[in-house]
Every structure is written in C-alpha cells, then in structure tokens.
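Observations on the model geometry
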Amino acid sequence: MAPGVLPLLARLTFSAVLLHYFIASGLTKLGEGLFGFLNPSAGAYAQIFPKAMEAVTYDISQLTVFHWAVVTGGTIAEFALPALIVVGLFTRLAALGMIGFVIVQSLTDLYGHGGIDHEGTLGAWFDRASDSLILDQRALWVFLLATLVLKGGGWLSLDRVLKPAQSPSAA
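Reading the values: the criteria
Residues numbered from 1 in each chain as written. Predicted model: local features only at pLDDT ≥ 70, side-chain atom pairs only at ≥ 80, totals over all residues. Heavy atoms only, no water. Helix = DSSP H or I, 4+ residues; strand = E, 2+ residues; numbered from the N terminus. Buried < 20%, exposed > 50% of the residue type's maximum accessible area, 1.4 Å probe, protein only. Contact = heavy atoms within 4.5 Å. Areas by Shrake-Rupley, 256 points an atom, 1.4 Å probe, with all protein chains shown as cover. Lys, Arg positive; Asp, Glu negative; His and termini not counted. Charge placed at Lys NZ, Arg CZ, Asp CG, Glu CD. pLDDT = per-residue confidence, 0-100. Salt bridge = Lys/Arg side-chain N within 4 Å of Asp/Glu carboxyl O.

On to the overall build of the chain, then. Summing up its helical and strand segments, the chain has seven helices and zero strands in all. Each helix and strand of the chain, placed in order from N terminus to C terminus, yields the pattern α-α-α-α-α-α-α. Across its three principal directions, the C-alpha atoms of the chain cover 65 × 45 × 25 Å. Here the chain holds 171 residues, and the buried ones make up 36% of them. Within the chain, residue pairs in contact and separated by at least 24 positions form 62% of the contacts whose partners lie at least 6 positions apart. For the chain, the computed accessible surface area is about 10300 Å², with 70% contributed by carbon and sulfur atoms. Charge separation in the chain, taken as the distance between the mean sites of 9 positive and 11 negative side-chain charges, equals 18 Å.

Turning next to the confidence of the model for the chain. Looking at the chain as a whole, its pLDDT mean stands at 92, while 96% of the residues score no less than 70. Per-residue pLDDT, averaged within each element of the chain, yields its smallest value for helix α7 (residues 158-162) (91) and its largest for helix α4 (residues 65-87) (97).

Looking now at the pattern of salt bridges. Tallying each qualifying case throughout the model produces two salt bridges. The salt bridge partner of Glu78 is Lys29, with a shortest N-O separation of 3.0 Å. Note that Glu78 is positioned in helix α4 and Lys29 in the loop between α1 (2-27) and α2 (42-48), a separation of 49 residues in sequence. What makes Glu78 buried here is its relative accessible area of 2%. A relative accessible area of 5% places Lys29 in the buried class.

Right, let's talk about the environment of Phe79 for a bit. You can see Phe79 is positioned in helix α4. You can call Phe79 partly exposed: its relative accessible area is 23%. Measuring from C-alpha to C-alpha, the distance between Phe79 and Arg138 comes to 19 Å, with 59 residues separating the pair along the chain. Discounting residues that sit within four places of it in the chain, Phe79 has contacts with Ile23, Gly26, Leu27 and Leu30.

This is the structure in structure tokens:
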C-alpha cells in the first residue's frame, strides 16, 4: 500500500500546509485586470528582485525584459505548480519545479532581502530549535516535494488515471 498511499498523503499534506501560502503569495504579484499575471505588480518585482528594484528607485520601467520574464514566470509557477501537485498531474515534474522554486525563494530571502544577516532566519540543523525559516522549514518542504519526485502522484491522482494500463504480460 505504501507506494500509493505515501505520495497521496504527501499531496494532501502539501495541500493542507503549503497550498494557501503559495496561492496567497502569488496573488500579491498579480497586476491589474484579467491578464494581470502578464503585467506583474511592482510588489512582485520588489519581492523577487529587491536589490534591482532599489537600484532603480522602484521604477519598473527601468528594468529589463529578463526581469519581466523571471517575475512573470515565477508568478505563473506559483499558481500552476501547486495546482498540478494538488490534482496529481505531472506530479514528479511539478514537485521538481517546486523544489527549484523553494531554493530560489530561500536564496532570495537570505541574500536579496538580507535574511542572512538576521540570526534565526537561516537557522542550523541538529540544534534544539526547529523553527528557523530556511534550514528547518524549507528542508521539510523540500523533503515533502522530494517524496513526490521519487514516488509520483500516488492513488487518486490524474497521473494514475492518465497512465496507460499495463498488459498482464508486461506486469
């Protein structure tokens, strides 16, 4: 039962613990209108490129197409990847994308927003405190996502529904 139950529980845990976090964060990045994801808010740029925004005195028009592409891609990923994990579609790829997302997010928090200078943000492993933002919390997130990369979507996933049935001779 474990090969089907473990990834299902990992997806349910992701939904219960992290889905709202990523959706709420993504909503802060949307610009105006129906296609706001293509015209991200100034806050989106400030969250993802804090030092670049400060350098241009928060004037988005001075940033490059590269900045727009990263912010737009990140905004879309912040909605799409969690949704794919929740429904269990392309689960392994979506979870791998989320691991990359969490790594970039963590580095931005540490170096872009200066978290590395605040004691407790990075934290330390093998200490008695388990509440540091990066090494403790994000390590658990990545472990949960790594389970999905290795095991797939599990039972009750669209991956399983869309998987071609194996013939008895192939089993």
